[in-house]
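As a plain string of letters, each chain reads:
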Amino acid sequence: PRSPAAMAAPPDPAVSPGPLVAVAQVTSTADKEHNWRQCSALVRRAAAAGARAVFLPEGFDFIGDSPQHSLALAEPLHGDTVGRYRQLARECDVWLSLGGFHERGQDWDSTGRIYNCHLLLDNSGALVATYRKLHLFDAALPGQPALSESSFTNPGQELLPPIDTPMGKLGLAVCYDLRFPELAQALRGAGAQILTFPSAFTVPTGAAHWEVLLRARAIECQCYVVAAAQTGRHNANRASFGHSLVADPWGAVVAQCHEGPGLCLAHIDLGYLEQVRRDLPVHGHRRGDIYGTLMGTP
């Protein structure tokens, strides 16, 4: 129905339907103050452009040089970092998706491990949702440093129902969750209209899989997909792919960054989403009664 259109500048709200959202692409390091300046400047730019919500990537708070460094830098939800973003949301009158906060949870003293926590703030600065990443990224690709998120991070134990926002019903996920379509389908079944996958994809996996996975989730769930990403080199051992994007329910990429910090903007057109779902009612054709029996077999 529509062709992809990259948006370098905010479209005219008078002719483009639906609320405007902004996707921020950043290069986080272990320097929290640097990261705050980078992210807050992009949030203010997005608000000035008329965005109702701004999506920040996984590791917006920091990316440590090692697991031990990440544990040392992590904070609780009531710490300074979240407090600054709550104030920023109030000042800018925007919702903030903080896509992967290194959280010292209530079990920090007993486990010494953290959670990868996706926070959602409303435009009053209230914390309205906390989703803790279910699927932890452990990978050892040829020629790449091994990454073992599970060595210092606790997995979440709950998939949150979609959150009502001015943009639509928002389903929360984080990065590696993208590779598990069951999670996206569960959110779609619970009423999600927008799926979020804030990420820090490695360069090899991003080049091979990033866009195709995001577009697949959009197509099969008939949802908007909003994916803020880390970009560039964080430290001597780690770099991220970038290419933050928004895909519409037909799978068209309607906004995209490339490399380097920046913003892309897109309108969330729920009327168009409903049209796609009416014209091709995939969700109503799903045979969960059959799939479940096969999945239950050893």
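- In the nomenclature of an unreviewed UniProt entry, the chain corresponds to Deaminated glutathione amidase from the organism Loxia curvirostra.
- UniProt annotates the chain under Sequence similarities (unreviewed entry) with the comment "Belongs to the carbon-nitrogen hydrolase superfamily. NIT1/NIT2 family."

**Structural notes on the side chain of Thr202**
Link 1 in the chain: In this structure, Thr202 sits in the loop between strand S10 (194-196) and helix H6 (203-221).
Link 2 in the chain: With relative accessibility at 15%, the residue Thr202 sits in the buried group.
Link 3 in the chain: Other than its neighbours up to four places away in sequence, Thr202 contacts Phe137, Leu147, Ala239 and Phe241.

**Thoughts on the layout of surface pockets**
Link 1 in the chain: Empty space within the largest pocket amounts to approximately 610 Å³.
Link 2 in the chain: Along its surface, the largest pocket is lined by 33 residues, and Ile63, Leu147, Glu149, Phe152 and Arg238 are the ones closest to its centre.
Link 3 in the chain: For the lining of the largest pocket, the secondary structure elements donating two or more residues are helix H2 (67-73), strand S3 (95-103), strand S4 (115-121) and strand S7 (147-148).
Link 4 in the chain: Class assignment of the residues belonging to the lining of the largest pocket gives a composition of 14 nonpolar, 13 polar and 6 charged.

**Quick look at the environment of Leu214**
Link 1 in the chain: Looking at the element boundaries, Leu214 is found in helix H6.
Link 2 in the chain: Through-space distance from the C-alpha of Leu214 to that of Ala266 is 16 Å; in sequence the pair is 52 residues apart.
Link 3 in the chain: Leave out the neighbours within four places in its chain, and Leu214 touches Leu178, Phe197, Val225, Ala227 and Leu245.

**Brief notes about the UniProt feature "domain: CN hydrolase" (unreviewed entry) in the chain**
Link 1 in the chain: In this numbering, the UniProt entry assigns the feature "domain: CN hydrolase" (unreviewed entry) to residues 19-270.
Link 2 in the chain: The annotated region residues 19-270 carries 28% helix and 29% strand content, and the separation between its end C-alpha atoms amounts to 9 Å.

**Here's the deal with the packing of helix H1 (residues 32-48) against helix H3 (residues 80-92)**
Link 1 in the chain: Packing of H1 against H3 brings their axes to within 11 Å, and their N-to-C directions diverge by 15°. Comparing the axis directions of H1 and H3 gives the class roughly parallel. Like other packed secondary-structure pairs, H1 and H3 cross with a definite hand, here right-handed. Two secondary-structure elements touch here, H1 through Lys32, Glu33, Asn35, Trp36, Cys39, Ser40, Val43, Arg44 and Ala47 and H3 through Thr81, Arg84, Tyr85, Leu88, Glu91 and Cys92.

**Concerning unusual backbone geometry**
Link 1 in the chain: Even without a glycine there, the phi angle at Asp93 is positive, about 55°.
Link 2 in the chain: Positionally, Asp93 belongs in the loop between H3 and S3.
Link 3 in the chain: Backbone geometry at Gln222 places phi at a positive 50°, although glycine is not the residue there.
Link 4 in the chain: Looking at where Gln222 falls in the secondary structure, it is placed in the loop between H6 and strand S11 (224-227).
Link 5 in the chain: Under the relative-accessibility criterion, Gln222 is labelled buried at 2%.

**Notes on the pairing of strand S5 (residues 127-132)**
Link 1 in the chain: Looking at chain direction, S4 and S5 are connected through 5 bridges and run antiparallel. What sits directly across from His118, in S5, is Tyr131.
Link 2 in the chain: Connecting the antiparallel pair S4 and S5 is a turn made up of 5 residues, with Gly125 showing a positive phi of about 90°.

**Observations concerning the packing of aromatic side chains**
Link 1 in the chain: For the structure on display, the rule yields 6 aromatic pairs.
Link 2 in the chain: An aromatic cluster is built from Trp36, Phe60, Tyr85 and Phe101, whose rings are joined through pairwise contacts.
Link 3 in the chain: Directly above the ring of Tyr115 sits Arg132, whose terminal nitrogen or CZ lies 5.7 Å from the centroid.

**Overview of the nonpolar core**
Link 1 in the chain: Ranked by size, the top nonpolar core spans 52 residues in total, and within it Leu195, Trp210, Leu214 and Val246 carry the most contacts.
Link 2 in the chain: For this core, the element with the most residues is H6, which contributes 5 residues.

Definitions and cut-offs
Residues numbered from 1 in each chain as written. Predicted model: local features only at pLDDT ≥ 70, side-chain atom pairs only at ≥ 80, totals over all residues. Heavy atoms only, no water. UniProt positions renumbered as here; feature names shortened; annotations may be inferred. Helix = DSSP H or I, 4+ residues; strand = E, 2+ residues; numbered from the N terminus. Buried < 20%, exposed > 50% of the residue type's maximum accessible area, 1.4 Å probe, protein only. Contact = heavy atoms within 4.5 Å. 1 Å grid on protein atoms, 1.4 Å probe; cavity = no way out; pocket = protein on both sides within 12 Å on 5 of 7 lines; lining within 4 Å. Points joined across faces, edges and corners; volume = space filled by probe spheres on them. Nonpolar A, V, L, I, M, F, W, Y, C, P; charged D, E, K, R; others polar. Axes fitted to C-alpha atoms, helices over the stretch in contact; angles between N-to-C directions. Parallel < 35°, antiparallel > 145°, perpendicular 65-115°, else oblique. Left-handed = near helix turned anticlockwise from the far one by under 90°. Pairing = 2+ DSSP bridges. Phe/Tyr/Trp six-rings, centres within 6.5 Å; stacked < 30°, edge-to-face > 60°. Lys NZ or Arg CZ within 6 Å of the ring centre and 35° of its normal. Core = buried A, V, L, I, M, F, W, Y, C linked by side-chain atoms within 4.5 Å.

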